[in-house]
Amino acid sequence: MALEYLSFWQMRHPPFEMEGDPHFFFESKMHGEGLARLLYLINDKSMGMAALTGEIGSGKTTLLRVLEDRVRKDIYSIVRIHTSALPFENIIEDINEKLRGAPTPEDAPVDRYHLLKEFEHLLYGNVVNLGKHMVLIMDEAQLLTDECLDSLKCLTNYNQERQSLSVILSGQPELKERLRSMPQVYQRFGMFYHLGRLGYYDILPYLQHRLTIAGAERFDLFHIDCIPPLYEFSRGCPRQINRVCKLAVDRACLLKKDEVDA
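Residues numbered from 1 in each chain as written. Predicted model: local features only at pLDDT ≥ 70, side-chain atom pairs only at ≥ 80, totals over all residues. Heavy atoms only, no water.

(A) Seen up close, the overall build of the protein chain. A count of helices and strands for the protein chain gives 11 helices and 5 strands. Overall, the C-alpha framework of the protein chain stretches about 65 × 35 × 30 Å when taken along its three principal axes. Intrachain contacts of the protein chain at a sequence separation of at least 6 include 77% that bridge at least 24 residues. Of the roughly 12900 Å² that the protein chain leaves accessible, carbon and sulfur atoms contribute 52%. With 31 positive and 37 negative side-chain charges, the protein chain shows a spacing of 3 Å between the two charge centroids. (Helix = DSSP H or I, 4+ residues; strand = E, 2+ residues; numbered from the N terminus. Contact = heavy atoms within 4.5 Å. Areas by Shrake-Rupley, 256 points an atom, 1.4 Å probe, with all protein chains shown as cover. Lys, Arg positive; Asp, Glu negative; His and termini not counted. Charge placed at Lys NZ, Arg CZ, Asp CG, Glu CD.)

(B) View of the environment of Tyr206. Mapped onto the elements, Tyr206 comes out in helix H9 (residues 203–213). With a relative accessible area of 4%, Tyr206 lands in the buried category. Excluding residues that lie within four positions of it along the chain, Tyr206 makes contacts with Phe26, Leu198, Pro238, Ile241 and Asn242. (Buried < 20%, exposed > 50% of the residue type's maximum accessible area, 1.4 Å probe, protein only.)

(C) Geometry of the side chain of Thr62. Here Thr62 lies in helix H3 (residues 60–70). Look past the residues within four positions of Thr62 in its chain and what remains in contact with it is Gly20, Asp21, Pro22 and Phe25.

(D) Local environment of the layout of surface pockets. Quantified by volume, the largest pocket comes out at close to 480 Å³. Looking at the largest pocket, it is lined by 28 residues, and the ones nearest its centre are Glu19, Gly59, Lys60, Thr61 and Thr62. Secondary-structure elements contributing two or more residues to the lining of the largest pocket are H3, strand E4 (165–171), H9 and helix H11 (238–254). Counting residues per element, the lining of the largest pocket draws most heavily on H3, at 4 residues. Across the lining of the largest pocket, the residue classes tally to 8 nonpolar, 12 polar and 8 charged. Here the second largest pocket defines a volume of roughly 240 Å³. Taken together, 15 residues line the second largest pocket, and the ones lying closest to its centre are Cys226, Ala248, Val260, Asp261 and Ala262. Elements with a minimum of two residues in the lining of the second largest pocket: helix H10 (227–234) and H11. If you tally residues by element for the lining of the second largest pocket, the top one is H11, at 5 residues. (1 Å grid on protein atoms, 1.4 Å probe; cavity = no way out; pocket = protein on both sides within 12 Å on 5 of 7 lines; lining within 4 Å. Points joined across faces, edges and corners; volume = space filled by probe spheres on them. Nonpolar A, V, L, I, M, F, W, Y, C, P; charged D, E, K, R; others polar.)

(E) Inspection of the packing of aromatic side chains at higher detail. By the definition in use, this model includes 7 aromatic pairs. Judged by centre distance (5.8 Å) and plane angle (85°), the ring pair of Phe16 and Phe222 falls under edge-to-face. Here Phe16, found in the loop between helix H1 (2–9) and helix H2 (29–44), pairs with Phe222, found in the loop between H9 and H10; they are 206 residues apart in sequence, far enough to count as distant. With a relative accessible area of 4%, Phe16 lands in the buried category. Classification of Phe222 as buried rests on a relative accessible area of 8%. Between the aromatic rings of Tyr200 and Tyr231, the centroid separation amounts to 5.5 Å while the plane-to-plane angle is 80°, which identifies the pairing as edge-to-face. Within this pair, whereas Tyr200 is found in the loop between strand E5 (189–195) and H9, its partner Tyr231 is found in helix H10, the two being separated by 31 residues in sequence. Taken together, the aromatic side chains of Tyr186, Phe189 and Phe192 make up a single cluster linked through ring pairs. (Phe/Tyr/Trp six-rings, centres within 6.5 Å; stacked < 30°, edge-to-face > 60°.)

(F) The environment of Thr53, seen in detail. Inspection of the secondary structure puts Thr53 in strand E1 (residues 49–54). The spacing of Thr53 and His194 is 141 residues in sequence and 4.7 Å in space, taken between C-alpha atoms. Once you skip the residues sitting within four places of it in the chain, Thr53 turns out to touch Lys60, Gly171, Gln172, Pro173, Leu175, Lys176, Tyr193, His194 and Leu195. Side chain to side chain, Thr53 and His194 meet in a polar contact 3.0 Å long. (Polar contact = N/O pair within 3.5 Å; in protein donor to acceptor, adjacent residues only side chain to side chain.)

(G) Seen up close, the sheet that holds E1. Pairing is parallel across the open sheet formed by 5 strands, whose spatial order is E2-E3-E4-E1-E5. Where the open sheet ends on each side, the last strands, each with one partner, are strand E2 (76–81) and E5. On average, each strand axis in the sheet is inclined to that of its neighbour by 15°, with strand direction left out of account. Strands E1, E2, strand E3 (133–138), E4 and E5 of the sheet are contacted by H2, whose axis makes an angle of about 165° with E5. Across the sheet, helix H4 (residues 88–100) lies against E2 and E3, angled at about 140° from E2, the strand it touches most. (Pairing = 2+ DSSP bridges. Axes fitted to C-alpha atoms, helices over the stretch in contact; angles between N-to-C directions.)

(H) A look at H3. Listed in full, the buried residues belonging to H3 are Lys60, Thr62, Leu63, Leu64, Val66 and Leu67. Contact partners of the buried residues in H3: H2, E1, E2, E3, E4 and E5.

As structure tokens, this is what we get:
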């Protein structure tokens, strides 16, 4: 079916199926500001920790992938942990594996002390001594336990002699309230940013942007009358916009319409 509607609409790629694809990143005012602030945090190197919050489907994952693409790999080592619903020992082991570039040896000790000693060794040996700065990105950070948050805060202690590590926690809105309830962790954060939804007047440019990236030859595929019901349904959530628009272009193709109407 995808090939049929691509041919029907004269596109090279599906425009509404690339979840998290940085090529489809739409730099709205809100998303552009979030990207600029995180780039500032990384370039500054001394701000310690940052929290990026946003509702489900607001575009946090896409923004972070764009961030990874835009930093210089000869200056920064990016370590990204995609699930935070793990004990701290598992998280630090995962970080070490990514820094090491290989799985943990079967006979290696996996208690907290040895894992942290190995982290220190890898941080300095594979990052700092190469003249680089490490950026740790934690997805779904609202799932971190209080104990994990407190332990992650301690990783920034390695910044006392030289600026070697920045931490970005990405999660749902309740993450900030969790952090606010833990003053010993909250004070380590140099930046908070909440990624809001798209505004009403962002919707049409958003659709046209995705059509452009998909290689569409037409940018008037969606009739202007689509915008009010689309905004009412999605409330500006990019994932919801993609969801309904994917179904709409499929349906309009089946009906052999020359545009998607309200």
